[in-house]
Amino acid sequence: MARLRRYCPSGIPQHVIQRGNNRTVCFASDEDMGVYAHYLHEAASKFGLAIHGWVFMTNHVHLLVTPEEDISLSRGMQYLGRHYVRYFNQTYRRTGTLFEGRFKSCIVQQSTYFLVCLRYIELNPVRAGMVADPADYRWSSYRAHGFGRVSRLWTPHPLYLGLGSTDNERRVRYRSLFESRMEGELLAEVRQSVNRGLALGSERFRQEIEQLGGRRQHLLKRGPQPGMEA
């Protein structure tokens, strides 16, 4: 299957996944995650990325970001990868690549899917069986959203700010979003979108992004293979 050209327009949120090469460990300690957070903050500041959500897992990372310019995401991720891999290789006396060659990303429709995507990201440690409550996991944005934990990484999105007129009201309403689990079809939709690089949104939204970006936002249907019956 041909690889789709990445489309990262400014001002539209992107769900990003950066995986360890062959899904190997890319964080061996809390210190590693702290260093990654440091370089992520540097990359965001240098290249114009508003970071709304994140989770650092043992062998991959999820981010929800809004780029200020069309090139912000690609340049920011290149900077982050270059500096963190250098640190990791020096620390563990290794050589070679650490992350998959190309990070995965997809555009997220703000009005209907932004908070869905944020929940998906922050529930990763729960789905992985690492914690029972997302608040128990240190390396995600859940504590910032749900409890007001200060983080220099965090840029609150207007949809989050719109959950209430006060900080406490927003936090209570945000935590209430996690009272029910995400349905299977919704999980599959979020996963397929980011893994395939397809816009996460309504059919109309995908069509609009397809026209603006000049690249398809739907999976191609498999046709009959040569030598096989139709």
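In short, a report on the structure. For clarity, every value in this text was computed on a predicted model and none was experimentally measured.

**A short note on the nonpolar core**
And step 1. Residues F27, Y36, L40, F56, L63, L73 and Y84 are the most contacted members of the largest nonpolar core, which totals 62 residues.
And step 2. Contributing elements (two or more residues each) for this core: β1 (14–19), α1 (30–47), β2 (49–56), β3 (60–67), α2 (72–91), α3 (110–122), α5 (142–147) and α8 (184–196).
And step 3. Setting aside chain neighbours within four positions, we find Y36 in contact with Q18, F27, F56, V61, L80, Y84 and F99.

**A short note on the sheet that holds strand β4 (residues 104–107)**
And step 1. Pairing is antiparallel in the open sheet, where 4 strands are placed in the order β2-β3-β1-β4. Here the strands that pair on one side only, and so sit at the sheet edges, are β2 and β4. If you compare each strand with its neighbour and ignore which way they point, the axes differ by 20° on average.
And step 2. Two elements, β1 and β3, share 6 bridges in a ladder whose sense is antiparallel. Bridge pairing in β3 links R19 to H60.
And step 3. Across the face of the sheet, α2 comes into contact with β1, β2, β3 and β4 while running at roughly 25° to β1.

**Thoughts on the environment of M130**
And step 1. Turning to its location among the elements, M130 is positioned in the loop between α4 (124–127) and α5.
And step 2. The exposure class of M130 is partly exposed, given its relative accessible area of 40%.
And step 3. Aside from chain neighbours lying at most four places away, what touches M130 is M57, T58, P125 and Y137.

**A few points about the pattern of salt bridges**
And step 1. Summed over all chains, the structure comprises 5 salt bridges.
And step 2. Here R206 and E203 are joined by a salt bridge, their closest N and O atoms 2.7 Å apart. One end of the pair is R206 and the other is E203, both in helix α9 (residues 203–213) and 3 residues apart, which spans about a single turn.
And step 3. Residue class for R206 comes out buried when judged on its relative accessible area of 17%.
And step 4. A salt bridge links E208 to R204, with the shortest nitrogen-to-oxygen separation between them at 3.4 Å. Taken together, the positions of E208 and R204, both in helix α9 and 4 residues apart, correspond to about one turn of that helix.
And step 5. We classify E208 as partly exposed; its relative accessible area is 36%.
And step 6. Within the structure, one salt-bridge network assembled from shared partners comprises D167, R170 and R171.

**Considering the side chain of S105**
And step 1. Tracing the chain through its elements places S105 in strand β4.
And step 2. With a relative accessible area of 7%, S105 lands in the buried category.
And step 3. Those residues in contact with S105, other than ones at most four positions away along the chain, are R6, C8, Q14, H15, V16, L73, V194 and G197.

Quick notes on the rules
- Each chain carries its own residue numbering, running from 1 in the written order of its sequence.
- Confidence filtering applies because this is a predicted model: local features only for residues at pLDDT of at least 70, side-chain atom pairs given and counted only at 80 or more, and all residues used for totals across whole chains, interfaces and linings.
- No hydrogens and no water enter the side-chain calculation; it runs on all heavy atoms of the structure.
- What is meant by a nonpolar core is a set of buried Ala, Val, Leu, Ile, Met, Phe, Trp, Tyr and Cys residues, joined one to another through side-chain atoms within 4.5 Å.
- Relative accessible area decides the class of each residue, using a 1.4 Å probe on protein chains only: under 20% of the type maximum gives buried, over 50% gives exposed, and in between gives partly exposed.
- Numbering of helices and strands runs from the N terminus, with a helix taken as a DSSP run of H or I at least four residues long and a strand as a DSSP run of E at least two residues long.
- What makes two residues a contact is simply this: any of their non-hydrogen atoms within 4.5 Å.
- The rule for pairing is simple: two strands pair if DSSP sees at least two bridges between them.
- All axes here are fitted lines through C-alpha atoms, helices being fitted over the stretch that makes contact, and every angle between N-to-C directions spans 0 to 180 degrees.
- For this document, the term salt bridge refers to a Lys or Arg side-chain nitrogen within 4 Å of an Asp or Glu carboxyl oxygen.

Read these as geometric descriptors, not functional statements.
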